[in-house]
Amino acid sequence: MKRKKVIAGNWKMFKTNSEALQLANQIRIKTTDIKATQIIVCPPFTALANVNEVIKESSIALGAQNIYWEKEGAFTGEISPGMIKSAGATYVIIGHSERRQYFGETDETVNKKIKAALENSLKTIVCVGELLEQREANITREVVTKQIKGAFAGLNGADMQHVIIAYEPVWAIGTGKTATPEQAQEVHAEIRRVINELFDKTVADNLTIQYGGSVKPENAEILLKQVDIDGALIGGACLKADSFSAIIHTMENLSNE
Ligand code: PEP
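Source: prediction; values computed, not measured.

Please clarify how the site of the ligand should be interpreted in this entry.
Around the ligand lies a shell of 14 residues, among which Lys12, Glu168, Gly174, Ser214 and Gly236 are the nearest. Within the side chain of asparagine 10, one N or O atom sits 3.4 Å away from an oxygen atom of the ligand. Here glycine 235 contributes a backbone N or O atom positioned 2.8 Å from an oxygen atom of the ligand. Protein chains bury 96% of the 300 Å² of accessible surface belonging to the ligand in isolation. Of the residues assigned to the shell around the ligand, the class counts are four nonpolar, eight polar and two charged.

What should I look at first to understand the side chain of asparagine 10 in this one?
Considering the arrangement of structural elements, one finds asparagine 10 in strand β1 (residues 5-10). By relative accessible area, which is 5% here, asparagine 10 ends up buried. A polar contact of 3.4 Å, which involves the side chain of asparagine 10, links it to the side chain of histidine 96. Residues within four places of asparagine 10 in sequence aside, it is in contact with Cys42, Gln65, Ile93, His96, Leu233, Ile234, Gly235 and Cys238.

Would you take a moment to explain the nonpolar core for this structure?
Inside soluble globular proteins, nonpolar side chains tend to come together where they are buried. With 69 residues, the main nonpolar core has Trp11, Phe152, Ile165, Ile191 and Ile195 as its most contacted residues. Ignoring sequence-local partners within four residues, the contact set of isoleucine 195 consists of Ile148, Phe152, Met160, Ile165, Asp200, Val203, Ala204 and Leu207. Formed by twelve residues, the second largest nonpolar core is a distinct cluster that contains Cys42, Ile93, Cys127 and Ala166.

I'm lost on the pairing of strand β2 (residues 37-42) in this one. Help?
Across a regular strand the side chains alternate sides, sitting on one face of the sheet and then on the other. Buried residues dominate β2, accounting for six of its six residues. Burial along β2 is two-sided: Thr37, Ile39 and Val41 and Gln38, Ile40 and Cys42, pointing in opposite directions, are all buried. For β1 and β2, the ladder comprises six bridges, and the chain directions are parallel. Across the sheet, isoleucine 7 pairs through a bridge with isoleucine 39, a residue of β2. In this fold, the crossover linking β1 to β2 by way of helix α1 (residues 17-30) has right-handed handedness. Sheet topology places β2 next to strand β3 (residues 61-64); two bridges connect them, and they run parallel. By the bridge assignment, isoleucine 40 is partnered in β3 with alanine 61. The parallel pair β2 and β3, bridged by helix α2 (residues 48-55), forms a crossover whose chirality is right-handed.

Analysis parameters
- Residues numbered from 1 in each chain as written.
- Predicted model: local features only at pLDDT ≥ 70, side-chain atom pairs only at ≥ 80, totals over all residues.
- Heavy atoms only, no water.
- Near = heavy atom within 4 Å.
- Polar contact = N/O pair within 3.5 Å; in protein donor to acceptor, adjacent residues only side chain to side chain.
- Areas by Shrake-Rupley, 256 points an atom, 1.4 Å probe, with all protein chains shown as cover.
- Nonpolar A, V, L, I, M, F, W, Y, C, P; charged D, E, K, R; others polar.
- Helix = DSSP H or I, 4+ residues; strand = E, 2+ residues; numbered from the N terminus.
- Buried < 20%, exposed > 50% of the residue type's maximum accessible area, 1.4 Å probe, protein only.
- Contact = heavy atoms within 4.5 Å.
- Core = buried A, V, L, I, M, F, W, Y, C linked by side-chain atoms within 4.5 Å.
- Pairing = 2+ DSSP bridges.
- Right-handed = clockwise from strand over helix to strand, strands pointing away.

The following block contains the structure:
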């Protein structure tokens, strides 16, 4: 099965506009040879339009890190799907664990945001993953299944063509701890099984499932080699063009094997 391989960089709350321009430029220059891998960069809202100017003639796609589900209105501080689109974004990350942990994101708000994104023809990277205590209590499957059922409630198979799932064990994000390839593969296979159950085999087989959690050039290959791992969502290592590009090239080499 040749699924779309996707490497996305989540810049989080890093990079002023001039820093963002510089990083985007470096990434563009270092990845001109990439053909088989979809690259996505997700800078902060403030840098979206500027980064778009740098990458718009390349095959790198632009993503935002969050949206609000309403079209417009008195929602101080929020950003709508139409607004990120007007800045050049074609993707949006939804339900990142930092948003769930610090900003009250729930499966219900994730679901509303996914629907709003899809209604605006945006593609989504939907994050799921368990906390350390949940893994230790052996409830990873239940936690991830619940997140998936909540996130995709009311969606159909056609909607799922515009969805990427990122499995990100929360204990592995920004901690330097990585899930072992076996741990990651096991959950990815489980996610595909749940998607098969909720939709059908074609949707499950075609779904890109990224791994996220302290992916770096040193551990990328062993993770990206797993049969159900179709790419990565990168935090720390995407803030430097060298390390982000190294991971992208690892994915590209595996895709061409
Ligand atoms: C993330 O923020 O999605 C992430 C995976 O971060 P890091 O690579 O730094 O663990």
